[in-house]
Amino acid sequence: MTGVLFQLGGPMQSWGEHSDFADRDTTAHPTRSGLIGLIASASGITRDHACGEAGPGAAGIPFTDLARLRFTLRVDRPGVRLRDYHTIGGGYPRHRTVPTASGTRRRVELATVVTNRHYLADAVFTVAVTAEGPGHEELLAGCGSALRRPYWPPHMGRRSCPPGAVLVLRTDVDDPLTELFTRVPLARPDSGMTPHVHYASDTPFPPGEAETTSPQAAVTTLNDDPVRLTARDRRYRQRPVYATVRPFTGPCGGYGTDYLAALDTYLNGPSTEETS
């Protein structure tokens, strides 16, 4: 099975499931809707075209084809949860306060709107993308090309959260799950002990590929499978989330430039100095 490997790491990211204006939450890892939205944006699919009735985007990929994508992600670092406290519209005269749905302005004594926005700080997730069905190789090749040359700048859940130095690791990977489980360097320091790493997928793990350290396999649900992502009519359906923990036998790359060096070795092989 061919696929694509990419990585989501940066100062902050946020993956909402039940967000509203006053309280914008984040899940513990990227959502399916967020990942599909990332690829749709890179492919040049506009909000008006993010539905089943519309044609393809700039990269020639229809939004409906993205429903065939399957994501398996590895939690390299879970990050730290942050809450950003916002106030909007306070201290202004009424003609400058926040507009209401009726077209008027909020009364001065009610003008301040408080919002809370939640983020994951310093988190890193490595994602394997696969697909099934006729034409899946062309679909994955198009997604990989779009991620390498995005139509719009990519972001991790919100536009204020750009990805780090590395987004796309590899495209046209023969066995992306094996690469994810055993070869792609882990974005954390080597502790001298075999790390146990969390994984999540929207499909069951292949037998023998990701044995859990617990006798019970964790299966939950999220309301994050996008049906349409148009600006004023976003619709989602529930889908199962399969989670597991397994020992990671590949290399730990550390932080910062050490990790970039480990990625370079993984992608290009050891340097001449290392092999001499």
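The numbering scheme is per chain: residues are counted from 1 as the chain's sequence reads. The predicted nature of this model means local features are confined to residues of pLDDT at least 70 and side-chain atom pairs, given and counted, to a pLDDT of 80 or more, with totals for whole chains, interfaces and linings taken over all residues. Each side-chain value is derived from all of the structure's non-hydrogen atoms; neither hydrogens nor water enter the calculation.

Attention now moves to the environment of Ile-61. Relative to the helices and strands, Ile-61 resides in the loop between helix 1 (32-42) and strand 4 (69-77). Separated by 118 residues in sequence, Ile-61 and Glu-179 place their C-alpha atoms 26 Å apart. By definition, residues are in contact when any of their heavy atoms lie within 4.5 Å. Here Ile-61 is in contact with Ser-43, Ile-45, Pro-56, Leu-66, Leu-139, Gly-142 and Cys-143, once residues within four sequence places are set aside. The numbering of helices and of strands both runs from the N terminus, where a helix is a DSSP run of H or I of at least 4 residues and a strand a run of E of at least 2.

Grid points spaced at 1 Å and placed over the protein atoms alone form the basis of the search, with a cavity being a set where a 1.4 Å probe fits but cannot get out and a pocket an open set showing protein on both sides within 12 Å along at least five of seven lines. Lining residues have an atom within 4 Å of a point. Grid points are joined across faces, edges and corners, and a volume is the space filled by probe spheres set on the points. Applying the stated criterion across every chain yields a total of 1 cavity of 30 Å³ or more. Volume-wise, the largest cavity comes out at about 70 Å³. Looking at the largest cavity, the residues that line it are His-29, Pro-30, Thr-31, Arg-32, Leu-35, Phe-71, Leu-73, Ala-200, Ser-201, Asp-202, Arg-239 and Val-241. Elements supplying a minimum of two residues to the lining of the largest cavity: helix 1, strand 4, strand 9 (196-201) and strand 11 (233-247). Only Asp, Glu, Lys and Arg are considered charged, only Ala, Val, Leu, Ile, Met, Phe, Trp, Tyr, Cys and Pro nonpolar, and every remaining residue, Gly among them, polar. Here the lining of the largest cavity is built from residues that sort into 6 nonpolar, 3 polar and 3 charged.

Attention shifts here to the side chain of Thr-27. Residue position: Thr-27 is located in the loop between strand 3 (23-24) and helix 1. Polar contact criterion, stated in full: a pair of N or O atoms within 3.5 Å, where within protein one must be able to donate a hydrogen and the other to accept it, and residues adjacent in sequence count only if both atoms are side-chain atoms. For Thr-27, the side chain forms a polar contact with the main-chain oxygen of His-29, separated by 2.6 Å.

Quick look at the layout of surface pockets now. The gaps left among the atoms become clear once a water-sized probe is rolled over them. Looking at the largest pocket, its volume works out to about 1,000 Å³. At the level of secondary structure, the elements contributing two or more residues to the lining of the largest pocket comprise helix 1, strand 10 (218-230) and strand 11. Take the lining of the largest pocket: its biggest share by element is 6 residues, from helix 1. By residue class, the composition of the lining of the largest pocket is 10 nonpolar, 13 polar and 9 charged. As a volume, the second largest pocket reaches approximately 290 Å³. As for the second largest pocket, its lining consists of 19 residues, and the residues nearest its centre are Gln-7, Gly-9, Arg-77, Val-124 and Tyr-259. Where the lining of the second largest pocket is concerned, the elements lending two or more residues are strand 1 (3-9) and helix 4 (256-268). Class assignment for the residues of the lining of the second largest pocket results in 11 nonpolar, 6 polar and 2 charged.

Each residue is assigned to one of three classes by its accessible area relative to the maximum for its type, calculated with a 1.4 Å probe on protein chains only: buried under 20%, partly exposed between the two thresholds, exposed over 50%. With 10 of 11 residues buried, helix 1 is to be regarded as a mostly interior element. In this structure, the buried residues of helix 1 make contact with strand 1, strand 4, strand 7 (124-131), helix 2 (136-148), strand 10 and strand 11. Of the residues one or two after helix 1, Gly-44 is the one with positive phi, at around 80 degrees.

Two strands make a pair as long as DSSP finds a minimum of two bridges between them. Taken in spatial order, the 7 strands make up an open sheet running 8-1-7-4-9-11-10, and their pairing is antiparallel. At either end of the open sheet lies a strand with only one pairing partner, and these are strand 8 (168-173) and strand 10. Mean inter-strand twist for the sheet, computed between neighbouring axes without regard to direction, equals 25 degrees. Pairing of strand 1 with strand 8, which is carried by 3 bridges, proceeds in the antiparallel orientation. Note on definitions: angles span 0 to 180 degrees between N-to-C directions of axes, and those axes are lines fitted to C-alpha atoms, for helices only across the stretch in contact.

Here a salt bridge means any side-chain nitrogen of Lys or Arg lying within 4 Å of a carboxyl oxygen belonging to Asp or Glu. Inspection of every chain in the model, using the stated rule, returns 10 salt bridges. For the salt bridge of Asp-76 with Arg-74, the shortest nitrogen-to-oxygen distance reads 2.8 Å. For the pair shown, Asp-76 and Arg-74 are each scored as buried. With a shortest N-O distance of 3.0 Å, Arg-77 and Asp-122 are connected by a salt bridge. Here Arg-77, found in strand 4, pairs with Asp-122, found in the loop between strand 6 (113-121) and strand 7; they are 45 residues apart in sequence, far enough to count as distant. You can call Arg-77 buried: its relative accessible area is 14%.

Limitation: the analysis is restricted to geometry and does not speak to function.
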